[in-house]
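Report on the structure
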Amino acid sequence: MYVVKSPLADADLKTVTEALQGALVDLVDLSLVAKQIHWNIVGPRFRSIHLQLDEVVASARTHSDTVAERSSALGVPPDGRAATVASGSGIGTTPAGWIKDGDAVRAMVEALGAVITRMRERVAATGEPDPVSQDIFIGITADLEKHHWMFQAENA
């Protein structure tokens, strides 16, 4: 039963739905990873990285909402439940406990890199079936690449 009927053909909708759901999971997890590191960072660069992490959290949360609403607009209920995020994220494990500033930056570079790689795959996958969703992925990727660059510059 459809509550909202998508204008996309079924095969295209399947491709786009998988891309949107994967992006949602990665973005929710990215916000959680950044917040976990934010709470536990220590070291001489604490304040600047602490604030930079909040910027990533805000971006990831904004983008996850955009992705979830796009999914809903196409008639597919988004799934951001904890179990779904835990089982589907492309981000590796975040260290527990205090994390030194240099290690925090490395962890964020890795997390952002993992999400960017998967976002670029989604950009490619959605170009033909749904340029609207592709455009969303392009914008998200550009924003995440900016954060990625800034974190890489922290440890240069």
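Please read these numbers as outputs of a predicted model, since none were measured by experiment. (Residues numbered from 1 in each chain as written. Predicted model: local features only at pLDDT ≥ 70, side-chain atom pairs only at ≥ 80, totals over all residues. Heavy atoms only, no water.)

A few points about the pattern of salt bridges
Summed over the entire model, instances satisfying the criterion amount to ten salt bridges. Here D26 ties to R118 by a salt bridge, and the two come within 2.7 Å at their closest N and O atoms. Here the residue D26 occupies a position in helix α1 (residues 10-40), and R118 occupies one in helix α4 (residues 101-126), the gap between them amounting to 92 residues. Accessibility expressed as a relative area gives 25% for R118, which makes it partly exposed. Salt-bridge contacts for D54 lead to K35; the nearest nitrogen and oxygen are separated by 2.8 Å. With D54 in helix α2 (residues 46-73) and K35 in helix α1, the pair connects residues that are 19 residues apart, well separated along the chain. Linked through salt bridges whose partners overlap, the residues forming this network are D26, R118 and R122. (Salt bridge = Lys/Arg side-chain N within 4 Å of Asp/Glu carboxyl O. Helix = DSSP H or I, 4+ residues; strand = E, 2+ residues; numbered from the N terminus. Buried < 20%, exposed > 50% of the residue type's maximum accessible area, 1.4 Å probe, protein only.)

Section: the side chain of D26
We classify D26 as buried; its relative accessible area is 0%. Here the side chain of D26 touches R118 through a polar contact of 2.7 Å, side chain to side chain. At 3.1 Å, the side chain of D26 forms a polar contact with the side chain of R122. In this view, D26 contacts G88, S89, G90, I91, V115, R118 and R122; residues no more than four positions away in its chain are not counted. (Polar contact = N/O pair within 3.5 Å; in protein donor to acceptor, adjacent residues only side chain to side chain. Contact = heavy atoms within 4.5 Å.)

Some thoughts on the packing of α1 against α4
Taken N-terminus to C-terminus, the directions of α1 and α4 make an angle of 170°; their axes are 10 Å apart at the nearest point. Here α4 runs roughly antiparallel to α1, going by the angle between their axes. In this structure, α1 contributes T15, V16, A19, G22, A23, D26, L27, L30, V33, A34 and I37 to the contact, and α4 contributes A104, A107, M108, A111, L112, V115, R118, M119, R122, A125 and T126. (Axes fitted to C-alpha atoms, helices over the stretch in contact; angles between N-to-C directions. Parallel < 35°, antiparallel > 145°, perpendicular 65-115°, else oblique.)

Side note on the UniProt feature "domain: Ferritin/DPS" (unreviewed entry) in the protein chain
Taken from the UniProt record, the annotation "domain: Ferritin/DPS" (unreviewed entry) applies to residues 18-153. Between the C-alpha atoms that bound residues 18-153 the distance is 33 Å, and the span itself is 79% helix and 3% strand. (UniProt positions renumbered as here; feature names shortened; annotations may be inferred.)

A short note on the nonpolar core
Residues L30, I37, V67, M108, M119, L144 and F151 are the most contacted members of the largest nonpolar core, which totals 41 residues. Looking at this core, the element that brings in the most residues is α1, giving twelve residues. Excluding residues within four positions of it along the chain, F151 makes contact with I49, Q52, L53, V56, V105, M108, V109 and L112. (Core = buried A, V, L, I, M, F, W, Y, C linked by side-chain atoms within 4.5 Å.)

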